[in-house]
Structures are given as structure tokens and as C-alpha cells.
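So the chains spell out like this:
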Amino acid sequence: MKTRSVLIAILLGVAWIGYGQSISVKGVVMEERKNGSLIPMEFVTVYWQKSSTNTTTDSTGYFFIAHGPEDGDVLIFQFLGYTPDTVKVEPGQYLSVVFKEQASQLDEVVVGYRKRTTEISFLDPLQVQNISKDELFKAACCNLSESFETNATVDVSFTDAVTGAKQIQMLGLSGKYTLISQEQIPGVRGIANPFGMVYTPGAWIESIQISKGAGSVVQGYESMTGQINVEVKKPADEDKLLLNGYFNESTRAELNLFSRAKLSPMLSTAFLGHYSARPTEHDRNNDSFMDMPTGSLLTLANKWDYHNNKSGVEGQLNVQWLQDRKEGGQTDHQEHHHPLYRTKIDADRIDAYAKLGYVFADKRYNSLGSQWGFTRHTQQATIGNNEYDAAQTSLYGNWLYQSIFGDTRHKYVTGLSFRYEDYDETFRGTKYDFEEIVPGAFFEYTYVPDDRFTLVAGIRSDHHNLYGWLINPRLHLRYAPSESTVFRASAGSGMRTPLPFAENLGWMASSREWTVGKPGQTQNNYPYNGLEMEKAWNMGVSVTQEFTLDYRSGLLAVDFFHTRFTDRAIPDLDISPQQLVVYNLDGNAYANTFQIEAQYEVLKRLDLKVAYKLQDAQIAYQDKGLRRQIFTPESRFFVNLSYISSLALYKGHWRINATAHYTGQQRIPDTYTNPEDFQLKSQSPGYWLFNSQLTRVFSKQFEVYIGVENIANYKQAPVIIDAEDPFSPYFDSGLIWGPIFGREWYVGFRYMLK
Amino acid sequence: MKSIYKIPHTIILTLLMLFGTALSLSAQSDQSKGNQTISFKVYGVCDDCKERIESAAMDSKGVKKAEWDKQSNVLVLVGSPKMDKMKVAKSVSKAGYHSEYMEADEKAFAKLPGCCQYEDGVEKH
């Protein structure tokens, strides 16, 4: 009989939670036959060298063994006819043990861990924070802009008191500098900027990925402060049906539907619907203006998914249609002599995008991908005396090829892109029309020598029909000295075309005279009277530390980011309270943010999340020198506690969560030239907001929730300058730094069918 | 008003720093000396069972971490010296699951969804 040598090879996946806090080891034992086939081995004895605690593999070669502190970290595998061998075990590992005749490589391994509802990926070279469905459930309402309630990175605020537009901020800068994508296709942009965040219903969202700092070159040149990617529920989703209803104190009612069907093993489809309405007018602060607009939003979407594992072809198609109607301003029952100040904003949108990809069957690292997008968006806005109409047509194409140099340590993605935009805007009777035609090419190289280090270097070059050649390099580094510590650094540039009217729409709700660019000067053909493209460099560093303490896991993350503009279109509200001037930056503009975040399961099933953020954003305003950017809180703090009761009994369980959120002082534009009654302080006070929610889970299918936002009923006062006389030169409802409506109760339900 | 808000801020930041440092230090030094590890068999068939078995085990006094393996039916527990395997088995029984030490509570078992009726011939899935 031939002597057999035994070779045991192990490939480690990523052990998530380190420091010996894992309580079991599992894996599979196989024998590799001469012909290369792997056969599971039954009755292999598996025992800890130190304690002799043992188990045997089952008929599938599988074993599972408890791992206590007394067991040590050496496992012995013993089988008659083979030389026993010892394996040093890392915590949390899934072992693949192969008995074979010749030395060679081993195969893949998966490791399980308890998922946190918000987690920071350890492998990704970009600092990506994933917000899962569970986390989104904590903020029950209503759309993408409200999904960041328990997230410290993204700040959300209203921009004015009459249109209900939402603005996000990331790294101390407006959301327009963040690339917002849906399933990696650039989404909320262009004239959709003020309301686009509202167009993705919360109940449709599967998860959100937030990455800070310079993004990947693959998605274009527009990202400066980061990327927010939204994954919508998919045709291949676990749930067959989801029905969600919501109602709140301001009579906002909402109904969401998701349903999917598998038409064949390869083809599936999903239908998504959303209708929301707020029919009644509310004026709680008695300033004669509605606290929020009335109106309705109806949107429907249809998704298709095609997967052919044999041929390697995969494709997706998404079509979304949307109709948004809003009315706000003064309430009907006024006893004024002059006409009412009213706002009316109608938007219609159709959005279609497709992805088609091909994975080479024998080389999984090799793939071809293409992305296609079409959007038509029209909007008519009447805001007091300001008429603003806009229409945008976009075409988008992105073609990618992914492969390796030599082996999988050196990967690259390269490709071509094309973007066409047609803007037609009319503001107070003046037309602003222009087109953008931007073909581009990109190349991104990824070097992964081992689990500890990753380098991603990318560059893209685009040719813009108005602004010429655009070159944007980006670099990301990741270093993980241990399995629970990751250092990251990133740097890169981004650019975007300013859209002064769409982006600053909230400020149309005032008596300000608008000046954009330098009217009359036509030495260049840039749109908006010579506004240049906005350009910025962003760089940042971060460290993330995972830990487990007494078998409960936690996380600590610290980061610092710096964004510096070389070109920027600045909306200046300080020149006078009766003016808004948008001009090209001449001088410095930058934003620094420092953020520290900790998460820990402090007691059984009680999770604590604490975050603190310091922001410093400065702009060299015309003739004023460097000043703080308006409406940018100098600090943010939040603490969130969430508890889930025992899941042991079929009769259901409870979820409860509470959040306290502090917004620091913000600079308010100068109003000192106004009569005394119409002046505001130069800074807003810092304020706290408290939210809480209770969910009763009756079964896997049905749950009901009730919650309250802004428990302490904190409100900004005053909201509107000269609300008595909205057609006076002092009227301004755009200077908003805090909540307007105050405390708000809501109830809702979710019905899910698997 | 300003100063009222300023003070908690500095404190909060300091606390956060301390919290973080303390945790990362203790994470490395924490050997959980007094902990015990026990394991026994609990019979279940699916991932819903896993969720209930582990949650029921966690409900028992002293249990710090519970992991149930579907394929081998082994429940592993780590906990303080207060942890008692009979108490864990009782908690698991009340959730409707039969273990090495105890039959399932009949009423609780009857309430389990169809997918989890492991004693009526439902296979592992």
C-alpha cells in the first residue's frame, strides 16, 4: 500500500470579530481524489488539543465544535489511514480541510457574523458605511432625505419655509457636491436637485451605502465629498410582497407597495408603487404661512432582472414615472388686503436605466459591463412673484471592462462614458438654455497584495463641449494591520456644472433680487452669464477599530476630511438682505470635518451609537474676505439607543429606539441693513431634537409602529421675516436653520410576505 | 444660551475619547476568565428556528453568547458562572424546542409556524 501524505490547507476568509470572542468553529473536511474531485469525509474525529473536547464529521464532511477559552487554539483532525494533523485556528473562522496526495491550493470560505444595522465595510478601500433595512426602519418616514436620521455622516435640513425642499449636507458641504446614485447610476442631479431626495420612497429602499471622500472614477467626475448610493428592492428580493402605510399628525398619508414575480429561473420582475398626500393646511406658528406645503406625490416603477449563469449574461431594466404636486404659502383664510403669497411647484419625471453585463464563464475576474440611462424631468414653479420653469433631458452611457494583469492581485477597470444634458430654464422671463455633451474615458487600477493592503488608483479624462478637457485623478489606500483595525486615506478631485437656479430654489421664496454671473458679459460661452465649472480637491484619513468586549461587539471610527475648492459658484446672501448674487469664487473656499463615532451593544440586545462631528466651512465672499459658510452647523452630536426584545417566542417581539440629536450654531446671512424689526441674529442657537419610535412585531409578516419626532417641540422662531407683508422688500422665508412644525406623532404598519 | 451648549460638548467629546480608548484597551486585555462554555443538542430545522433557539438561550441568566448550528443541532453557550444548562434548556423548551435535556413545551411547540414543526417530519431546510 502506498503511503499517503496528508496535506491540510486552509484558506481564511475574513474573520470579522477578533480577539478570541468567537464561541465555535465549523467547517468541512474533504478528500481530494487523484482525479481532482473533492469527496466529503465522514467520521473524521475533530478535537481540541488542549481540552480533548471532540466531535466527528457528518456524512457531508461537516463539523461544528464549541470553542471555549479552555480549548486553546489548536484543532486536530484524525482519520484512520491518514497522519493526523493539527491546525491553528483563528476565531470566527470557517475551515476547509482537505486531505490529499499532493500539495496545492485551497478554496473559498465564508464566515458568518452578527450584522450590525449600520456597518463600515472592512475590505473596501473606500470608507463605505452601509445602512441596512433594519436601520432604515428606525426612521419610519418617508423618503431618501429622511433616511439619515440615525446617521452622523449625512445631515438633512429644510431649505426654506414654503417649498418644503430638502437639502442634505455631507462633509460640511451641500448635497450637490455629493454623487447621489441609484444602483450606481447617477440619480439626483441637475434640476432635480432641490426635491430629488424626496423622489425615492423610503419603503422602496433596500439599503444605502455612504462613502466619504473622493469616489471611484468609474461613476463620473462629479463626486467631490462622497457618494450616496441607494439600492432599491429588487426582483430577486426575499420578500414577495411588501405593503406599508403611514399617517402622521400633519395629515401626511402614505402608501407603499412592492411586489415581485419570478417568471423563469432567469427572469424576474418587480413592481413598486408609492402614493403620498398631505391635503390639509397647517399653520401652527400663526405667521399666516403654511408650515409645510400641501400636495401629493405619485410614483410607479417597474424593474426587470435577467441572470443567466450558463452564458454569463446578466441584465437589469428599471423604469420609474413620477408626478409631484405641491402648494404652499399663505393659508386661504387670511383677511389681508393684498393678494395672497402662494407657491405652486409641479414636477413630472420619467427615468429609465438599464445595465447589461457579461461575466466570462471560465474567468470570473473578467467581465464586461454597460450602463444606460435616460431621464426627462420638467418642473414649473411659481413662488410668490418668481416664476421658474425648468426642463432637463439626460442621456447617459457607461461601458466598463474589468480584468487583471497577470494574477488577481492586480485588477483593473477601464471604460468609456458618455453624457448628454439638455437644460431649458426660464427664470422671471429670462431664458437660460444650454447643452452639455461629455464623452469620457477612465482607468482604475487596484492592487491587493494580501488581505492587509489595498491601493486603488484611478484617473479619468472627459471632454466637455463648454469647459474643455477635464482631468480627475483619485487615489485610495487601505491598510489593515490586524483583522479589527483599518486605516484609510483618500485623495482626489471632482468637478460639476453649477445650476444656480435649481440649486438655490429655496431662496426664491423671498424678495431678493437675483443676479447670476455677470449679465451682459459674453467673453466666454459659459452658461449663466459666465459661471465657471466648480472644481474641488478632497482628501481624508480615517481609522476604524472593531472590538468585542464580553462577547458583545462594538466599533469605533474616527475620520478627518478636507475639501478645497479651486472654482466654485457662490450664492451670496450677505451683500444685502434684498439681493442674492451668484458669482465665481475669487479666493479660498474650504471645508474641514472631523467625526468620531462609537457603537457598542451595551447590554443584551441594547445597542448604543454615539457620534460627534466638528465642521469648519469657510468661503471668501466677495469684498468680505473669508467668512463662515451660511447654514452649516459648527458641530453635530447624536446618540441613539435601540433595543429589541427577545425573539424566542412566536407571538412576536418589540423594537424600541430613541435618538437625541444636537445641531450646533449656524451662521445666518446678514440682515443688519434691514429695519430693526426685520433683523435676525448673526447666528442661530444650537438646539436638541429628540425622536423615538416603538414597533410591535406581531409576526414575520406584520408589524405596527408608532413614533414621535421632535419630542421637545423645538421650533425655529421667527421663521419668516416680514410675514405680514410678503410683497415688501424685507420678506424672506429662506433663512431656515431649525424645525418649523414642531412635535409630530406618526403611526404606520408593514405587511411582508416571503 | 451659548455657554450652556458649549459645556456639554466638551464633556461629550472627552467622554467619547475615553470611552473609545477604554474599550479598545479592555478589548485586548479582556480574557473573560470566569466564563464557562457549554454545549448540548437542541433540535430544529431552519434559520427561523436558529433565531428563536439562540434568542431563548440568551434570555437565560448569565448567558453572554449563544450559537446554534443547524446542521449538527449543537447549541454552544458562553456565559458567566451563573449560567445553568438546565435553565437554558427550560428557556429553549418554552420557545417550543426539544433538547438533550428536556422535551419541548407542547403548547409552545404547537404555536411554531409550519416550517418549524420539526417533530412532524419537517426536514432541515
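Residues numbered from 1 in each chain as written. Chains lettered and ligands numbered in written order. Predicted model: local features only at pLDDT ≥ 70, side-chain atom pairs only at ≥ 80, totals over all residues. Heavy atoms only, no water.

Looking now at the overall build of chain B. Each helix and strand counted, chain B has 4 helices and 4 strands in total. Starting at the N terminus, the α and β elements of chain B follow one another as α-β-α-β-β-α-β-α. For chain B, the residues scored as buried account for 49% of the 125 residues in total. Look at the contacts in chain B between residues 6 or more apart in sequence, and 52% of them connect residues 24 or more apart. (Helix = DSSP H or I, 4+ residues; strand = E, 2+ residues; numbered from the N terminus. Buried < 20%, exposed > 50% of the residue type's maximum accessible area, 1.4 Å probe, protein only. Contact = heavy atoms within 4.5 Å.)

For chain A, the helix and strand inventory stands at 3 helices and 43 strands. Counting across all 754 residues of chain A, residues that qualify as buried make up 59%. Taken as a whole, chain A presents about 29,800 Å² of accessible surface, with 57% of it coming from carbon and sulfur. (Areas by Shrake-Rupley, 256 points an atom, 1.4 Å probe, with all protein chains shown as cover.)

Let us now look at the layout of surface pockets. Size it by volume and the second largest pocket reaches roughly 1,200 Å³. As for the second largest pocket, its lining consists of 42 residues, of which Gln 184, Val 218, Gln 219, Leu 400 and Gln 402 of chain A are closest to the centre. (1 Å grid on protein atoms, 1.4 Å probe; cavity = no way out; pocket = protein on both sides within 12 Å on 5 of 7 lines; lining within 4 Å. Points joined across faces, edges and corners; volume = space filled by probe spheres on them.)

Turning to helix α2 (residues 47-59) of chain B, a few remarks are in order. The terminal C-alpha atoms of α2 of chain B, which comprises 13 residues, lie 18 Å apart, in line with the 18 Å expected from a rise of 1.5 Å per residue. Within the span of α2 of chain B, buried status applies to Cys 49, Arg 52, Ile 53, Glu 54, Ser 55, Ala 56, Ala 57 and Met 58 of chain B. (Expected span 1.5 Å × (residues − 1).)

Before going further, it helps to examine the pattern of salt bridges. Residue and element names in this part refer to chain A. Enumeration over the complete set of coordinates arrives at 42 salt bridges over all chains. Across the pair Asp 670 and Arg 627 runs a salt bridge, and its minimum N-O distance is 2.8 Å. With a gap of 43 residues between them, Asp 670 in the loop between β40 (653-663) and β41 (687-697) and Arg 627 in strand β38 (residues 625-628) connect regions that are remote in the sequence. When sorted by exposure, Asp 670 lands in the same class as Arg 627, which is buried. The network of salt bridges with common partners includes Lys 176, Arg 496, Glu 503 and Glu 534. (Salt bridge = Lys/Arg side-chain N within 4 Å of Asp/Glu carboxyl O.)

Quick look at a negative patch on the surface now. On the surface, Glu 103, Asp 105, Glu 106, Glu 119 and Asp 120 of chain B cluster together into a patch of negative charge. Inspection of the secondary structure puts Glu 119 of chain B in the segment after α4 (106-111). (Patch = residues over 30% accessible without salt bridge, like charges linked within 9 Å, V, L, I, M, F, W, Y side chains within 5 Å. Lys, Arg positive; Asp, Glu negative; His and termini not counted. Charge placed at Lys NZ, Arg CZ, Asp CG, Glu CD.)

Residue and element names in this part refer to chain A. Pairing is antiparallel in the open sheet, where 3 strands are placed in the order β11-β12-β13. Of all strands in the sheet, those bounded by a partner on one side alone are β11 (154-158) and β13 (173-174). Relative to β13, strand β12 (residues 166-170) runs antiparallel, the two being bridged by 2 bridges. Its bridge partner being in β13, Met 170 is matched across the sheet by Leu 173. (Pairing = 2+ DSSP bridges.)

Here the focus is the confidence of the model for chain B. Residue and element names in this part refer to chain B. Per-residue confidence for chain B gives a mean pLDDT of 79; residues scoring 70 or more make up 74%. Contacts for the low-pLDDT stretch residues 1-5, under 50 throughout, to residues beyond four places or in other chains number 6 contacts. Of the regions scoring below 50 in pLDDT, residues 26-31 engages in 9 contacts with residues more than four places distant in sequence or in other chains. (pLDDT = per-residue confidence, 0-100.)

With that settled, consider the sheet that holds strand β31 (residues 513-516) of chain A. All names here are of chain A. If you trace the 3 strands from one edge of the open sheet to the other, you get β31-β35-β34, paired in mixed fashion. Only two strands of the sheet have a single neighbouring strand rather than two, namely β31 and β34 (569-572). Ignoring which end each strand starts from, the neighbouring axes of this sheet average 10° apart. (Axes fitted to C-alpha atoms, helices over the stretch in contact; angles between N-to-C directions.)

Turning to helix α3 (residues 85-94) of chain B, a few remarks are in order. A turn of α-helix holds 3.6 residues, and therefore any two residues three or four places apart point the same way. Along α3 of chain B, the residues classified as buried are Val 88, Ala 89, Ser 91, Val 92 and Ser 93 of chain B. The positive-phi residue at the C-terminal boundary of α3 of chain B is Gly 96 of chain B, with phi of around 105°.

For the rest of this paragraph, the subject is the packing of α2 of chain B against α3 of chain B. Residue and element names in this part refer to chain B. α3 packs onto α2 with a crossing angle of 135° between their chain directions and a minimal axis gap of 8 Å. Viewed along their axes, α2 and α3 adopt a mutual orientation that is oblique. For the element pair α2 and α3, the recorded crossing hand is right-handed. Across the interface between the two elements, Ile 53, Ala 56, Ala 57 and Asp 59 of α2 pack against Val 88, Ser 91 and Val 92 of α3. Grouping the constituent residues of the contact of α2 with α3 by class yields 5 nonpolar, 1 polar and 1 charged. (Parallel < 35°, antiparallel > 145°, perpendicular 65-115°, else oblique. Left-handed = near helix turned anticlockwise from the far one by under 90°. Nonpolar A, V, L, I, M, F, W, Y, C, P; charged D, E, K, R; others polar.)

Considering every residue of chain A, the mean pLDDT works out to 87; 91% of them sit at 70 or more. pLDDT under 50 marks residues 1-20 of chain A. Its contacts with residues more than four places away, or in other chains, come to 60 contacts.

Another point: the packing of aromatic side chains. Residue and element names in this part refer to chain A. Counting across every chain of the model gives 35 aromatic pairs over all chains. Where Phe 637 meets Trp 688, the ring centres are 5.9 Å apart and the plane angle is 80°; that geometry is what we call edge-to-face. Residue Phe 637 is found in strand β39 (residues 635-644), and its partner Trp 688 is found in strand β41; the two are separated by 51 residues along the sequence. Ring pairing ties together the aromatic residues Tyr 388, Tyr 423, Phe 427, Tyr 432, Phe 434, Phe 501, Trp 514 and Tyr 528, which thus form one cluster. (Phe/Tyr/Trp six-rings, centres within 6.5 Å; stacked < 30°, edge-to-face > 60°.)

Looking now at unusual backbone geometry. All names here are of chain A. Here the bond from Ala 717 into Pro 718 is cis, since omega is -10°, no more than 30 degrees from zero. Checked against the element boundaries, Pro 718 lands in the loop between β42 (702-709) and β43 (744-753). One non-glycine residue with positive phi stands out, namely Phe 631, at about 50°. Its place among the elements puts Phe 631 in the loop between β38 and β39. Since its relative accessible area comes to 11%, Phe 631 is described here as buried. If you check the backbone angles, Asp 722 has positive phi at about 55° while not being a glycine. Within the secondary structure, Asp 722 is located in the loop between β42 and β43.

Time to look at empty space enclosed by the protein. All names here are of chain A. Enumeration over the complete set of coordinates arrives at 16 cavities of 30 Å³ or more. Size it by volume and the second largest cavity reaches roughly 540 Å³. Around the second largest cavity, the lining comprises 36 residues; the ones closest to its centre are Gln 167, Gln 169, Ser 174, Trp 507 and Phe 631. Mapped onto the lining of the second largest cavity, the elements with two or more residues apiece are β11, β12, β13, β34 and β37 (606-621). Across the lining of the second largest cavity, the residue classes tally to 19 nonpolar, 11 polar and 6 charged.

A word on the pairing of strand β6 (residues 74-78) of chain A. All names here are of chain A. Of all 5 residues that make up β6, 4 are buried, and the element is covered over most of its length. Two strands pair when backbone bridges link them, and strand β3 (residues 45-48) and β6 are joined in this way by 4 bridges, in the antiparallel orientation. Along β6, the bridge assignment pairs Thr 45 with Gln 78. Strand direction decides the pairing type here: β6 and strand β7 (residues 85-88), joined by 4 bridges, are antiparallel. Counterpart to Leu 75 in the pairing with β7 is Val 87.

Membership of the largest hydrophobic core comes to 62 residues, with the highest contact counts inside it found for Ile 383, Tyr 388, Phe 501, Met 508, Trp 514, Tyr 528 and Phe 565 of chain A. Here this core gets 4 residues from one element, more than from any other, and that element is strand β35 (residues 579-584) of chain A. With sequence-adjacent residues up to four places away left out, Tyr 388 of chain A is seen in contact with Ile 191, Gln 379, Gln 380, Ala 381, Glu 425, Thr 426, Phe 427, Phe 501, Ala 502, Leu 505 and Met 508 of chain A. Formed by 27 residues, the second largest nonpolar core is a distinct cluster that contains Phe 40, Met 83, Ala 95 and Leu 112 of chain B. (Core = buried A, V, L, I, M, F, W, Y, C linked by side-chain atoms within 4.5 Å.)

Another point: the environment of Met 41 of chain A. All names here are of chain A. Take Met 41: it is sitting in the loop between β2 (38-40) and β3. Linking Met 41 and Thr 57, residues 16 residues apart in sequence, is a C-alpha distance of 7.2 Å. Excluding residues that lie within four positions of it along the chain, Met 41 makes contacts with Val 29, Met 30, Glu 31, Thr 57, Asp 58, Gly 61, Phe 79, Tyr 82 and Phe 99.

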